[in-house]
Amino acid sequence: MVLVLALGDLHIPHRAADLPPKFKSMLVPGKIQHIICTGNLCIKEVQDYLKTLCPDLHITRGEYDEETRYPETKTLTIGQFKLGLCHGHQVIPWGDLDSLAMLQRQLDVDILVTGHTHQFTAYKHEGGVVINPGSATGAYSSITYDVNPSFVLMDIDGLRVVVYVYELIDGEVKVDKIDFKKTTTTTHSAH
Amino acid sequence: MMLNGAEDEEKWLAEGIAGIQHNAFYMHRALDSNNLREALKYSAQMLSELRTSKLSPHKYYELYMRAFDELRMLEMFFKDESKHGVSVVDLYELVQHAGNILPRLYLLCTVGSVYIKSKEAPVKELLKDLVEMCRGVQHPIRGLFLRSYLAQISRDKLTNIGSDHEGDVDTVMDAVEFVLQNFSEMNKLWVRMQNQEPGRAREKRKKERSELQDLVGKNLHVLGQIERVDLDMYKETVLPRVLEQVVNCKDDLGQYYLMDCIIQVFPDEYHLQTLEALLGACPQLQPTVDIKTVLSRLMDRLSKYAASSTDVLHEFLQVEAFTKLSNTIEKVIEVQVDMPAVGAITLYVSLLTFTLRVHPDRLDYADQVLGACVKKLSNMPKLEDSLATKQVVALLRAPLEKYNDIVTALTLSNYPRVMDHLDNGTNKVMAMVIIESIMKNNTCISTADKVEVLFELIKGLIKDLDGAVDELDEEDFKDEQNSVAKLIHMLYNDEPEEMGKIICIVWKHTMAGGPKRLPFTVPSLVFSALRLVRRLQGQEGDIVGEVVPATPKKIFQLLSQIIEALSAVPSPELALRLYLHCAEAAHDCDLEHVAYEFFTQTFVLYEEEIANSKAQLTAIHLIIGALQRMTVFGVENRDTLTHKATGYSARLLKKPDQCRAVYTCSHLFWVDDEDGIRDGERVLLCLKRALRIANAAQQMANVARGSSGPITLFVEILNKYLYFFEKGNQQITAAAIQDLIELINTEMQGDSANPGSDPDVFLASTLRYIQFQKQKGGIMGGKFESIEL
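Caption draft 1: Looking closely at the pattern of salt bridges. Residues and elements named next belong to chain B. Enumeration according to the criterion identifies 41 salt bridges over all chains in this entry. We note a salt bridge from E10 to K59, for which the minimum N-O separation is 3.4 Å. With E10 in helix 1 (residues 6-32) and K59 in helix 3 (residues 57-79), the pair connects residues that are 49 residues apart, well separated along the chain. Salt-bridge contacts for R517 lead to D464; the nearest nitrogen and oxygen are separated by 3.2 Å.

Set out below in structure tokens:
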């Protein structure tokens, strides 16, 4: 069981002062093995904070990030899964599944994690899974109205990944989960 | 009395103790054989050891205790008339025959103790007699111990005076009178000890005196324990007499100790009821007395007392405790002209702490204290003393910590004035403290007035103060400004009109912040304003406010101005992003011209200020991404903007960047909405153009590096072909796709790249995708049928 925290688009301090207190109290150091961050932290202080939660931290560049040297895309292998990470402002039309699927093919990954729209989504298609963890602070977005703060926790176990999404709705943390199984063939699978 | 050395002292003490033991031995023998005469003789000799002048108070005490223990035996003997056959009256006469005064008086006191208990004489007379006779010993140390002995042996009898003597008020008064007189005399002796010579002698004497202080203080303890001494007696007799002694002795050590003693010994309710008298003594004390500590301790006790019950609180108001304390502090500061700044401010800190604890709801009191401090600070040059500065900071922190809610502190009108008296550095530190308090408590500042006051308090952070030459470390400056940026999100009101006012105030202060600050503060302001715009969107018509109705248009005007200021810093990349956000927001409000104007500003910045190729590529992505979503533009406007965007794309420096930007432009001509634009031809034009660029890139790479170029570009373009093919763009045929696939295969074979390389992998997954689509069947399957892999 490997826990991967996926989050992004915090936009601290431009659009938000901090993570919601309820999220902060849930994110405890030592429980998570990897963190993948879609970008737009935006300042180093946020990177330092994430590092305290877990030393294996991967970040891709968002257009507002203070640190301009984060990579545009990143791939990493965790267990049986290949993960791809990209902020997503580079993939146009923004939030379009087919265009994201193209990126997924290009990076050749099972799970693609992108952000930018501040809207949580999890799609499964023949090429794999596309996840958007939304904005961890509920930051303003020109694309999405009424953004609820959200982040994703993936539990990778063998050929199976359970995606937990945590959303702060009206002051309460709601959790949902989605199961994905990886198959070695590309025939359409029951989802 | 100068001592020559610790060794000598030890020797003398040993000699003294030996002397006592020697005589005590014989005294015991006499007691055992009921020989009164002998007992008296040897006890007198024993007590003579106490006549020494050679010992320091510490050592003398040891000697005294030895004698004291022995005298207990003697007292028991005296008590038992059957043993010696002499009446206590006669005994009293008898002991006066002792040769030297000191032994005589010790013996007298011992007999006196027995005499009092026997009730054979009026207590009053006896006590008066004893306390006056002790006057015979004027040597400070010897006198103090003698009188201490008197106090000690009479103590039990005095404290029980109510019950023993049938509640006779006179008797209680007698007891009080006795103690007060003993106290007076002891205080005089004690004060007299102080050596007025400067230097070590003085310090040494001071130390010796502090060793003796509890002997004097004990008298007050006794007064506190006499049962029948009630509030009235305390008020009419005890306190005035004690204070008289304290003030008149004009001795700073004594005054400090005794004031503190009074405060600790007597109950708080007494203090409350005699506040005026007690405080009245304070300005009369010597200037060197640490009056601030005395007053602080008093206020501390009273605070705790106030917390004990709500009835008590009522009393505080009744006696006007706050006013009296406040006035006393003013008087003390006035009278003690040489009091340093730190002293005065510490007094205010204590008073404020008291006020916050006892009258937390009386913000006017708290403000009054701050006002008094401001007045004091105004009459002084700017604070340079770090201790004084620390106290001012403590003064400012107290309301923050008490109320845990900056909003309450903001209503204290004198608060910003106190801050004004801090030096620039400390002012900023305090401003950060305020911001931290807000962030930590998640406080929301929700009215324009309060925001204005808040910005007044933190002005050191948001603009350059007069005469401030800021040699601030870059990291520290960043931290400061990021804090201010975060703070802006805490300024919020649900009510759009009030929120509009808040935005205006923040805008005003942000504009005045200067170029160094704009890159930090402007984004926060912009997004806070756009949030408001979105709320206004949902409302019908304009909100008519008193002065300025809050409309999206007006807000966009403000934003346009401030983003322009930002771009001039120079900070063009950030400004470009903010312009685009405003354009998108204007689009959402259906304001075509405003949106167009923002796009214009964006393009101007792009053309004139964005030179770095990586920055250009990102900017292009943002421009295309935003423009692609715009539905508000009329045909002409849209054409102009898309033409510009495609133009920029084609002119990027690096060929791969060019290629990618150009094929991304294809999306400008195809929107997946019902009413969306679907210009199949122009899409194809873009893709073909991208292909040409990719070809050119290939050739250039061949020539320059002898290897092939980015085949991956072709695969990307292929994917785009597939995208639009699926969406139903008639201009893209299966044949075209087929051709493209073959082209790629050819390029791949000619390439020295190894299998498993990125383009290879990408192509493979693309072909897998095509296969998948073919197998879908239905319309999609039909489309893909003719593509052979």
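Caption draft 2: Looking closely at the nonpolar core. If you look at the biggest cluster of nonpolar residues, it comprises 288 residues, and the most contacted ones within it are B:Y106, B:F316, B:Y415, B:F556 and B:F599. Ranked by residue count, the leading element in this core is helix 19 (residues 341-358) of chain B, at 12 residues. Excluding its chain neighbours within four sequence positions, the residues that come into contact with B:F599 are B:L580, B:A583, B:I623, B:A626, B:L627, B:M630, B:F633 and B:L641. Residues A:L3, A:I32, A:Y70 and A:L168 belong to the second largest nonpolar core, which totals 25 residues.

Caption draft 3: Representation of the environment of B:G254 in the model. All names here are of chain B. Along the chain, G254 turns up in helix 13 (residues 252-265). The spatial distance from the C-alpha of G254 to the C-alpha of P523 is 64 Å, given a sequence separation of 269 residues. Excluding anything up to four places from it in sequence, G254 contacts W190 and R209.

Caption draft 4: Here's a closer look at the interface of chain B and chain A. Taken together, the 47 residues of chain B in the interface contact 37 residues of chain A. Summing the contributions of chain B and of chain A, the shared interface buries around 3900 Å²; its carbon and sulfur component is 57%. Three residues, B:K486, B:R534 and B:F772, lead the burial of chain B against chain A; their summed loss comes to 16% of the area buried on that side. Put simply, chain B and chain A have four salt bridges between them. A salt bridge links B:K727 to A:D98; its shortest N-O distance comes to 3.1 Å. Run the count over chain B and chain A and you get 23 residue pairs in polar contact (both at pLDDT 80 or more). No other element matches the eight residues that helix 33 (residues 613-628) of chain B contributes to the side of chain B that touches chain A.

Caption draft 5: Representation of the state of the cysteines in the model. Residue and element names in this part refer to chain B. Throughout the structure, instances matching the rule amount to zero disulfides over all chains. In this structure C373 is a free cysteine whose sulfur lies 19 Å from that of C282, the closest cysteine sulfur available. Between C659, a cysteine without a disulfide, and C665, which holds the nearest cysteine sulfur, the sulfur-to-sulfur distance is 11 Å. We classify C659 as buried; its relative accessible area is 0%.

Caption draft 6: A look at the pairing of strand 8 (residues 128-132) of chain A. All names here are of chain A. Burial within strand 8 is extensive, with five of its five residues counted as buried. Direction of pairing for strand 6 (residues 111-114) relative to strand 8: parallel, over a ladder of three bridges. Of the residues in strand 8, the one forming a bridge with I111 is V129. As judged from the five bridges shared by strand 7 (residues 121-125) and strand 8, these two strands associate in the antiparallel manner. Its bridge partner lying in strand 8, T121 is registered against N132. Taking the residues between adjacent antiparallel strands as the criterion, strand 7 and strand 8 are bridged by two residues.

Caption draft 7: Representation of the packing of aromatic side chains in the model. Scanning the model with the defined rule gives 30 aromatic pairs over all chains in all. Judged by centre distance (5.7 Å) and plane angle (65°), the rings of B:F556 and B:F598 are edge-to-face. Highlighted residues: B:F556 in helix 30 (residues 552-567) and B:F598 in helix 32 (residues 592-609), separated in sequence by 42 residues. In this structure B:F598 comes out as buried when scored by relative accessible area, which is 3%. Ring geometry for B:F599 and B:F633: centres 5.9 Å apart, planes at 70°, overall edge-to-face. Taken as a pair, B:F599 in helix 32 and B:F633 in the loop between helix 33 and helix 34 (635-650) lie far apart in primary sequence, 34 residues in all. What makes B:F599 buried here is its relative accessible area of 0%. Aromatic ring contacts, followed pair by pair, group B:Y60, B:Y61, B:Y64, B:F68, B:Y106, B:F145 and B:Y149 into a single cluster. Taking the ring centre of A:Y64 as reference, the NZ or CZ of A:R15 above it sits at 5.0 Å.

Caption draft 8: Looking closely at the sheet that holds strand 7 of chain A. Residue and element names in this part refer to chain A. Pairing is mixed in the open sheet, where five strands are placed in the order 4-5-6-8-7. The open sheet has two free edges, formed respectively by strand 4 (73-78) and strand 7, since each of these has just one partner strand. With direction set aside, neighbouring strand axes in the sheet form an average angle of 20°. Contacts from helix 3 (residues 97-107) reach strand 4, strand 5 (81-86), strand 6, strand 7 and strand 8 within the one sheet, and its direction differs from that of strand 6 by about 125°.

Caption draft 9: The arrangement of helix 1 of chain B in detail. Residues and elements named next belong to chain B. Over its 27 residues, helix 1 extends 38 Å from the first C-alpha to the last, a length consistent with the 39 Å expected when each residue adds 1.5 Å. Looking only at helix 1, the buried set comprises E9, W12, L13, G16, I17, G19, I20, N23, A24, M27, A30 and L31. Positioned one or two residues after helix 1, N34 has a phi angle of 55°, which is positive.

Caption draft 10: Up close: the confidence of the model for chain A. With 96% of its residues at a pLDDT of 70 or more, chain A has an overall mean of 93. Throughout residues 185-191 of chain A the model reports pLDDT below 50, and contacts reaching past four residues in sequence, or to other chains, amount to eight contacts.

Caption draft 11: Spotlight on the sheet that holds strand 3 (residues 57-59) of chain A. Residue and element names in this part refer to chain A. Across the sheet, six strands lie side by side as 3-2-1-9-10-11; this open sheet has mixed pairing. Bordering the open sheet on either side are strand 3 and strand 11 (172-181), each of which pairs with just one other strand. Strand-to-strand twist of the sheet, defined as the mean angle between neighbouring strand axes without regard to direction, takes the value 20°. Relative to strand 11, strand 10 (residues 160-169) runs antiparallel, the two being bridged by 10 bridges. If you follow I169 over to strand 11, its bridge partner there is E172. Sheet strands touched by helix 2 (residues 44-53): strand 1 (2-7), strand 2 (34-37) and strand 3. Its angle to strand 3, the strand with the most contacts, is close to 145°.

Reading the values: rules and limits
Residues numbered from 1 in each chain as written. Chains lettered and ligands numbered in written order. Predicted model: local features only at pLDDT ≥ 70, side-chain atom pairs only at ≥ 80, totals over all residues. Heavy atoms only, no water. Salt bridge = Lys/Arg side-chain N within 4 Å of Asp/Glu carboxyl O. Helix = DSSP H or I, 4+ residues; strand = E, 2+ residues; numbered from the N terminus. Core = buried A, V, L, I, M, F, W, Y, C linked by side-chain atoms within 4.5 Å. Buried < 20%, exposed > 50% of the residue type's maximum accessible area, 1.4 Å probe, protein only. Contact = heavy atoms within 4.5 Å. Buried area = accessible area lost by both parts, 1.4 Å probe. Polar contact = N/O pair within 3.5 Å; in protein donor to acceptor, adjacent residues only side chain to side chain. Disulfide = S-S within 2.5 Å. Pairing = 2+ DSSP bridges. Phe/Tyr/Trp six-rings, centres within 6.5 Å; stacked < 30°, edge-to-face > 60°. Lys NZ or Arg CZ within 6 Å of the ring centre and 35° of its normal. Axes fitted to C-alpha atoms, helices over the stretch in contact; angles between N-to-C directions. Expected span 1.5 Å × (residues − 1). pLDDT = per-residue confidence, 0-100.

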